[in-house]
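Results of the structural survey
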Amino acid sequence: MAEKDEKSLFEAPPMAEQERMVEAILFATAEPVTVRELEARMPHGSDPAEAIVHLRKRYEGRGINVVKVDDAWAIRTAPDLGFLMQKETVEVRKLSRAAIETLAIVAYHQPVTRAEIEEIRGVSVSRGTIDQLIELEWIRFGRRKMTPGRPVTFVVTQEFLDHFGLESARDLPGLKELRAAGLLDNRPPPGAMLAASEDDETEDEDQSELF
Amino acid sequence: MAEKDEKSLFEAPPMAEQERMVEAILFATAEPVTVRELEARMPHGSDPAEAIVHLRKRYEGRGINVVKVDDAWAIRTAPDLGFLMQKETVEVRKLSRAAIETLAIVAYHQPVTRAEIEEIRGVSVSRGTIDQLIELEWIRFGRRKMTPGRPVTFVVTQEFLDHFGLESARDLPGLKELRAAGLLDNRPPPGAMLAASEDDETEDEDQSELF
Amino acid sequence: MAEEFQEDLLSVTDRLAAEALIVDVGAFEGPLDLLLTLSRTQKVDLRQISILALARQYLAFVEKAKQLRLELAADYLVMAAWLAFLKSRLLLPPDPLAEGPSGEELAAHLAFQLERLQAMREVAAKLMARDQLGRDFFACGITEDVTRVRRVTYTATLLDLMQGYARIRTRDDFRPFVMDRDAVMTMEQALDRMRGLIGYAGEWTDISSYMPDGWTADPGRRRSATAATFAASLELAKEGHIDIRQSDTFAPIQIRKRT
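Computed from a predicted model, the values in this text were never measured in an experiment.

Overview of the pattern of salt bridges
Under the counting rule described, the total for this entry stands at 33 salt bridges over all chains. Salt-bridge contacts for A:R20 lead to B:D80; the nearest nitrogen and oxygen are separated by 2.9 Å. Remark: B:D80 occurs in the loop between β3 (72-77) and β4 (90-94) and A:R20 occurs in helix α2 (residues 15-28); the pair is interchain, linking two chains. We classify A:R20 as buried; its relative accessible area is 10%. Notably, a salt bridge pairs B:K145 with B:E116, separated by 3.0 Å at the nearest N-O pair. Here the residue B:K145 occupies a position in the loop between β6 (139-141) and β7 (153-156), and B:E116 occupies one in helix α6 (residues 114-121), the gap between them amounting to 29 residues. Judged by relative accessible area, B:K145 falls into the partly exposed class, the value being 22%. The network of salt bridges with common partners includes A:R97, A:E101, A:R121, C:E29, C:D33 and C:R121.

Structure representation (structure tokens):
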């Protein structure tokens, strides 16, 4: 008797019930929720990954959809209905051309150092551009590069993916074509020897202090 | 001809489409929405009242329901799933300046003793500040230092790294990089530029070491 | 003969194009941006662009700016010097004994840089044209209304953390705002100094000999003084006071008074 009780205590709820739970949690959370978080919040033994598969199907073609963001899930309105939502639209701060290009370079070349961003744009990254993108939570610091000086790198965030409706950074528009064309290669200028690249590093680091 | 065009221009979308629209509006709007408001936002000739009837039926028994609030409509999580929402109701407060500074010192100098934190901050660290950071699971006790008295040290935790989106504490930007990103406005004292940049280098390499 | 004729033809159209560009030189984000705009006038795929023609166009632009007595930032002049060098490398038959990368290699890299910048601009536009959260699609409007458990937690952002650390580590440095010019030589300072000295420079002299005393020992000061002296030399050359030459990449830069 006691054994049976204990068993039922740990038995996972039926899949239909799990689906309801996932639906409620995703609805109530503005940020995307990972499967691991779902697991932690649902009764023991639940399989949120499978529940999501069902739920996603259920919302196909509806006014709101279940979308994947990185390794997490969220409910978002269907993009074709945006015109109904004028009232809800929050005015997004206009980004400068420099900020937009810097953001794109981080997204497509990540992890990327400040010096690499400057090399691609051909101008120095102004103070505040990086700051603004960090504040928007669209980029963050990544691993340090294993090159002389061990410079910090930048990568894009889950918020960035969520904002632009991307499942992962692999879904960036035109990424495959750019890679195929070799435009994402880190191609050093001809004749740049190891010594020269080391020089470059220090130069780039100190630039803001010199001028 | 013109009349016919005009008519088709104002023809209401099919009911299934109207249902999608109501679904998206109710989902994205913070306040409950009245039928009159829905009417104003949807294409001319729409019948939101009927769409709501369909929508309400569709969500019967689901994890989220269409509910009536006064004379308006809203989507809410099913009442029986409230137990899943407990996590959403945490009140979030900004960490105090003393706590942030203490946390920053631990992150940049770990493992670090309490005396060392006080030396860097220039003021004594209150017991409560350390306790708070430990309770948040952002810092924990590290190894004892091999110095007289064998004082305990503090280090940051995996939770800390997760919260701040860092892969390791070594990825934290150094002073020079903070300055380059425009996060640090004052310049180094005269003549200290070179010495400082050399310092930074060692700091980056030996972040764990106190200087 | 034919080559010469064509060069003249090119430079006429180049000059016209340059004149149009000069009107809004402020709109360019530096030499690479300008080069990319210039390359569009060739109306070909960026992969088939003629770097030689582009170098001519750019030099025509700088020439025109000079004639109009327009102030061009130093990096535009540095790029002009580099392109002039590249042009000569591309026109001369390759010297098998010459060290360093060939003109073709340098040109190919510049073409790559232009193509890459162009590609980044295109994808940036594509990115911003995507449906965006809070503009085209939306998250749930309410934050959950269930209030059963209230737990207070504290939060901070990475920015708070870094600013906090920066605050402590620089507290000792803090004082009323003054410009620290101790280890930094401005172009104006170098210009003042060189104007006084240039009268004596009848013969070709290495510009390193114009470096002020006390600025050569410390690497930081030497670097700043070198940059300032070089920029000042370009300025003096632009004003027509001096001639400037360099025999090869990384060879000493020499100047003399223009007579």
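Comments concerning the environment of C:F112
Here C:F112 is to be found in helix α5 (residues 103-128). Separated by 66 residues in sequence, C:F112 and C:L46 place their C-alpha atoms 8.7 Å apart. Apart from the residues lying within four places of it in its own chain, the contact partners of C:F112 are A:G182, A:L183, A:D185 and A:R187.

Considerations on helix α4 (residues 48-58) of chain A
Residue and element names in this part refer to chain A. Within α4, burial applies to P48, A51, I52 and L55. Each buried residue of α4 lies within a common arc of 100 degrees when the element is viewed along its axis, so the set occupies one face. Exposed residues lying more than 90 degrees from the buried face of α4 are V53 and K57. Looking at the buried residues of α4, the elements they touch are α2, α3 (35-41), β2 (64-69) and β3 (72-77).

Some remarks on the packing of aromatic side chains
Taken as a whole, this structure holds ten aromatic pairs over all chains when the rule is applied. The interplanar angle of 45 degrees and the centroid separation of 4.7 Å between the aromatic rings of B:F160 and B:F164 together place this pair among those described as tilted. Here the two residues B:F160 and B:F164 agree in accessibility, since each one is buried. Members of the aromatic cluster, joined through ring pairs, are A:W138, A:F160 and A:F164.

Remarks on the interface of chain C and chain A
Listed per partner, the contact involves 42 residues of chain C and 56 residues of chain A. Taken over both partners, the interface formed by chain C and chain A buries close to 4,400 Å², and the fraction arising from carbon and sulfur atoms is 66%. In this structure, the connection of chain C to chain A is made through five salt bridges. Linking C:E29 and A:R97 is a salt bridge whose minimum nitrogen-to-oxygen distance equals 3.5 Å. Linking chain C to chain A there are ten residue pairs in polar contact (both at pLDDT 80 or more). For the side of chain C that touches chain A, the elements supplying multiple residues, two or more each, are α2 (31-40), α5, α6 (158-169) and α8 (219-238) of chain C. Split by residue class, the side of chain C that touches chain A holds 22 nonpolar, seven polar and 13 charged.

Side note on the sheet that holds strand β5 (residues 112-113) of chain B
All names here are of chain B. Reading across from one edge, β5-β7-β6 is the order of the three strands in this open sheet, with antiparallel pairing throughout. The open sheet has two free edges, formed respectively by β5 and β6, since each of these has just one partner strand. The pairing of β5 with β7 spans two bridges and is classified as antiparallel. Following the sheet pairing, V112 is matched in β7 by F154. Running at roughly 90 degrees to β7, helix α5 (residues 97-109) makes contact with β5, β6 and β7 of the sheet.

With respect to the interface of chain A and chain B
Taken together, the 47 residues of chain A in the interface contact 53 residues of chain B. Taken together, the two surfaces of chain A and chain B that pack against each other cover about 4,500 Å², and 51% of this comes from carbon and sulfur. Put simply, chain A and chain B have 17 residue pairs in polar contact (both at pLDDT 80 or more) between them. Of all the elements in the fold, those that place two or more residues in the side of chain A that touches chain B are α2, α4, β3, β5 (139-141) and α10 (194-210) of chain A. Counting residues per element, the side of chain A that touches chain B draws most heavily on α2(A), at nine residues.

Some details on the nonpolar core
A:Y108, A:I139, A:F160, B:L95, B:L103, B:F160 and B:F164 are the most contacted members of the largest nonpolar core, which totals 74 residues. Contact partners of A:I139, with chain neighbours within four places excluded, come to A:L103, A:V106, A:I130, A:L133, A:I134, A:F154, A:V155, A:V156 and A:T157. A:I52, A:L81, B:I75 and B:L81 belong to the second largest nonpolar core, which has 46 residues in total.

Quick look at the confidence of the model for chain A
Residues and elements named next belong to chain A. For chain A, the mean per-residue pLDDT works out to 82, and 82% of the residues sit at or above 70. The element-level mean pLDDT for chain A is lowest in α10, coming to 38, with α4 highest at 95. Low confidence marks residues 1-8, where pLDDT is under 50. Its contacts with residues over four positions away, or in another chain, come to zero contacts. For residues 193-211, every residue scores under 50 in pLDDT, and the model assigns this stretch 24 contacts once sequence neighbours within four places are set aside.

Rules of the game
- Residues numbered from 1 in each chain as written.
- Chains lettered and ligands numbered in written order.
- Predicted model: local features only at pLDDT ≥ 70, side-chain atom pairs only at ≥ 80, totals over all residues.
- Heavy atoms only, no water.
- Salt bridge = Lys/Arg side-chain N within 4 Å of Asp/Glu carboxyl O.
- Helix = DSSP H or I, 4+ residues; strand = E, 2+ residues; numbered from the N terminus.
- Buried < 20%, exposed > 50% of the residue type's maximum accessible area, 1.4 Å probe, protein only.
- Contact = heavy atoms within 4.5 Å.
- Arc of directions from axis to C-beta.
- Phe/Tyr/Trp six-rings, centres within 6.5 Å; stacked < 30°, edge-to-face > 60°.
- Buried area = accessible area lost by both parts, 1.4 Å probe.
- Polar contact = N/O pair within 3.5 Å; in protein donor to acceptor, adjacent residues only side chain to side chain.
- Nonpolar A, V, L, I, M, F, W, Y, C, P; charged D, E, K, R; others polar.
- Pairing = 2+ DSSP bridges.
- Axes fitted to C-alpha atoms, helices over the stretch in contact; angles between N-to-C directions.
- Core = buried A, V, L, I, M, F, W, Y, C linked by side-chain atoms within 4.5 Å.
- pLDDT = per-residue confidence, 0-100.

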